[in-house]
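Take a look at the letters that make up each chain.
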Amino acid sequence: ENLQDLLEFKGYNVISWESAEELLQNLESHVVDLILLDHQLPGLNGIEALHEVKKIKPHLPVSLVTASCQKETFEAAISGGAERIIHKPYSPAEILQAVEEMLSKSV
């Protein structure tokens, strides 16, 4: 909720879903410019969800947000097509910079 509040305060339209399954069910019916995908999700985890998102929208920029510092998580995210990895805890400035960079690349 804090992340959503921050992005909305900065003027972004934000859609949040409670699970990867909900994201995947709604992805094709919504206009989405980028995804910030948490690694720890109920049901499918962030890496699994990343792979599914890329099957549906291969060119959609996705960043994985994670508290994990494991090399395997990093490698799985990058090989799965993540644009970047954002480590928790993150600062508001870090998130905003990531969003702006992802949006500028997708234009």
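Within each chain, residue numbers correspond to sequence positions counted from 1 in written order. In keeping with the predicted nature of the model, local features appear solely for residues at pLDDT of at least 70, side-chain atom pairs appear and are counted solely at 80 or more, and the whole-chain, interface and lining totals rest on all residues. Side-chain calculation: all heavy atoms of the structure are included, whereas hydrogens and water are not.

**Regarding the packing of helix α3 (residues 46-56) against helix α4 (residues 71-79)**
Here, axes are lines fitted to C-alpha atoms. For helices the fit covers the stretch in contact, and angles between N-to-C directions go from 0 to 180 degrees. Secondary structure elements are defined from DSSP: runs of H or I of at least 4 residues count as helices, runs of E of at least 2 residues count as strands, and each element is numbered from the N terminus. Closest axis-to-axis distance for the α3/α4 pair is 9 Å, and the angle between their directions is 10°. By the angle class used here, α3 and α4 are roughly parallel. Counted together, Ile 47, Leu 50 and His 51 of α3 and Thr 73, Ala 76 and Ala 77 of α4 form the full contact between these two elements. Ten residues, namely Ala, Val, Leu, Ile, Met, Phe, Trp, Tyr, Cys and Pro, are considered nonpolar, four, namely Asp, Glu, Lys and Arg, are considered charged, and the remaining ones, Gly among them, are considered polar. Looking at side-chain class alone, the contact of α3 with α4 contains 4 nonpolar, 2 polar and no charged residues. Throughout, the term roughly parallel applies to angles under 35 degrees, roughly antiparallel to angles over 145, roughly perpendicular to angles from 65 to 115, and oblique to all others. The contact rule is simple, with two residues in contact once any of their heavy atoms fall within 4.5 Å.

**Brief notes about the sheet that holds strand β3 (residues 84-87)**
Taking strand neighbours across the sheet as the criterion, the 3 strands line up as β1-β2-β3 in an open arrangement whose pairing is parallel. Across the chains shown, the open sheet's two edge strands, defined by having one partner strand only, are β1 (35-38) and β3. Recorded for the sheet is a direction-independent mean angle of 30° between the axes of neighbouring strands. Strands qualify as paired when DSSP identifies two bridges or more between them. Across 4 bridges, the pairing between β1 and strand β2 (residues 62-66) is parallel. Note that in β2 the partner of Leu 37 across the bridge is Leu 64.

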